[in-house]
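The primary structure of each chain is shown beneath.
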Amino acid sequence: MARRLWRLCNLLMAAFFGLAAAVQVNDPDAGLWTVVYLVPAALTLLVSINPSITDNGVWRSLCDLHSAGCIVGIIALACSLFAYAQGNILHEEEGRELFGLVIITIWMSLCRSSAKSPLGGVRLIAAIVVALFPFVSWLYIYVNKEMRASWPTHCKTVI
């Protein structure tokens, strides 16, 4: 049962990362963010198909390299938000980008740690929560028109 849930969570996250890449289409820096989301989409899809792929050296290297880049991005965006944010960080494009990078980093970490021991117990519950969080957030944002009102035009037209 735990293996099936883990695979399902990875399939959900691959779908989320793929959708996140797709909505970048009209973003001013779409090329960067499409790659940022497509890499974990591919890595996560591979894990959903074959969970033992996380033992593969190439998979681990790509995961580590991408996670390191995401951590650098998290630091840069956090500094920018600290210096310039004027309210709720979810109303700032950099805040939403920051949360995307945090989700990627957490998920890649869960995937990478699954090579050492199968996910179960607390880690499996964390994986389920993290896998559902982006979809619940998107639903909340879609329903909450007030939140979207302050967004730039390129963000409003994708949803």
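Refer to the structure printed above.
Residues numbered from 1 in each chain as written. Predicted model: local features only at pLDDT ≥ 70, side-chain atom pairs only at ≥ 80, totals over all residues. Heavy atoms only, no water.

## Structural notes on the pattern of salt bridges
As a reminder, the rule being used: Salt bridges are identified by distance alone: a Lys or Arg side-chain nitrogen within 4 Å of an Asp or Glu carboxyl oxygen. Secondary structure elements are defined from DSSP: runs of H or I of at least 4 residues count as helices, runs of E of at least 2 residues count as strands, and each element is numbered from the N terminus. Per-residue accessibility, obtained with a 1.4 Å probe over protein chains only, is compared with the maximum for each type, and a residue is labelled buried under 20%, exposed over 50%, and partly exposed between these values.
Tallied over the full model, the rule gives one salt bridge. With a closest N to O distance of 2.4 Å, Arg 112 and Asp 64 form a salt bridge. Of this pair, Arg 112 sits in helix α4 (residues 93-113) while Asp 64 sits in helix α3 (residues 57-84), and the two are 48 residues apart along the sequence. The class of Arg 112 is partly exposed, set by a relative accessible area of 23%.

## Considerations on α3
The condition that has to hold: Here a helix's expected span is defined as the number of its residues, less one, multiplied by 1.5 Å. It only takes one pair of heavy atoms within 4.5 Å for two residues to be counted as in contact. Residues adjacent in sequence count toward polar contacts only when both atoms are side-chain atoms; beyond that, a polar contact is any pair of N or O atoms within 3.5 Å, and within protein one must be able to donate a hydrogen and the other to accept it.
For α3, built from 28 residues, the straight-helix expectation of 40 Å at 1.5 Å per residue is met to within 8% by its first-to-last C-alpha distance of 40 Å. Here α3 has its buried residues at Trp 59, Arg 60, Cys 63, His 66, Ser 67, Cys 70, Gly 73, Ile 74, Leu 77 and Leu 81. Check the buried side of α3 and you find it contacts α2 (30-49) and α4. Where α3 begins, the side chain of Asn 56 points an oxygen toward the backbone nitrogen of Val 58, at a separation of 2.7 Å.

## Details of α4
Compared with an ideal rise of 1.5 Å per residue, which puts 21 residues at 30 Å, α4 spans 30 Å between its outermost C-alpha atoms and is within 8% of the ideal. Among the 21 residues that make up α4, 15 are buried, leaving the element largely enclosed by the rest of the structure.

## Observations concerning the packing of aromatic side chains
Here the distance between the centres and the angle between the planes together describe a pair of aromatic rings. Quick note on the threshold: For Phe, Tyr and Trp, where Trp contributes only its six-membered ring, two rings pair if their centres lie within 6.5 Å, and the inter-plane angle classes them as stacked under 30 degrees, edge-to-face over 60, or tilted in between.
Taken as a whole and assessed by the stated rule, the structure comprises five aromatic pairs. Here the aromatic rings of Trp 6 and Trp 107 are separated by 5.4 Å at their centres, their planes lie at 25 degrees, and the arrangement is stacked. You can see Trp 6 sitting in helix α1 (residues 2-22) and its partner Trp 107 sitting in helix α4, a full 101 residues away along the chain. Residue class for Trp 6 comes out buried when judged on its relative accessible area of 5%. Here Phe 16 and Phe 135 contribute two aromatic rings whose centre-to-centre distance is 6.1 Å and whose plane-to-plane angle is 75 degrees, an arrangement assigned as edge-to-face. You can see Phe 16 sitting in helix α1 and its partner Phe 135 sitting in helix α5 (residues 121-143), a full 119 residues away along the chain. Taking relative accessible area as the criterion, Phe 16 reaches 4% and is therefore assigned buried. A connected cluster of aromatic rings, assembled from ring pairs, spans Phe 16, Phe 17, Trp 33, Tyr 37 and Phe 135.

## Overview of the packing of α1 against α2
Filter applied, for reference: Axis definition: a line fit to C-alpha positions, over the contact stretch in the case of helices; interaxial angles, taken between N-to-C directions, run 0 to 180 degrees. The cut-offs work like this: below 35 degrees is roughly parallel, past 145 is roughly antiparallel, 65 to 115 is roughly perpendicular, and the gaps in between are oblique. Working rule for handedness: look at the near helix, and if it is turned counterclockwise from the far one by less than a right angle, call the crossing left-handed; if clockwise, right-handed. Residues are grouped as follows: Ala, Val, Leu, Ile, Met, Phe, Trp, Tyr, Cys and Pro are nonpolar; Asp, Glu, Lys and Arg are charged; all remaining types, including Gly, are polar.
Contact geometry of α1 with α2 gives a least axis separation of 8 Å together with a crossing angle of 160 degrees. When the interaxial angle is binned, α1 and α2 end up roughly antiparallel. Remark: the crossing between α1 and α2 carries left-handed chirality. Residue-level contacts link Trp 6, Arg 7, Asn 10, Leu 11, Met 13, Ala 14, Phe 17, Gly 18, Ala 20 and Ala 21 of α1 to Thr 34, Tyr 37, Leu 38, Pro 40, Ala 41, Thr 44, Leu 45, Val 47, Ser 48 and Ile 49 of α2. The class makeup of the residues in the contact of α1 with α2 is 14 nonpolar, five polar and one charged.

## Some remarks on the packing of α1 against α5
It is the contact of α1 with α5, at a shortest axis distance of 9 Å, that shows an interaxial angle of 30 degrees. When the axes of α1 and α5 are compared, the pair comes out roughly parallel. Handedness of the crossing formed by α1 with α5: left-handed. The residues of α5 that touch α1, namely those facing Ala 2, Leu 5, Trp 6, Cys 9, Leu 12, Met 13, Phe 16, Leu 19 and Ala 20, are Leu 124, Ala 127, Ile 128, Val 130, Ala 131, Leu 132, Pro 134, Phe 135 and Trp 138. Classifying every residue of the contact of α1 with α5 by side-chain character gives 18 nonpolar, no polar and no charged.

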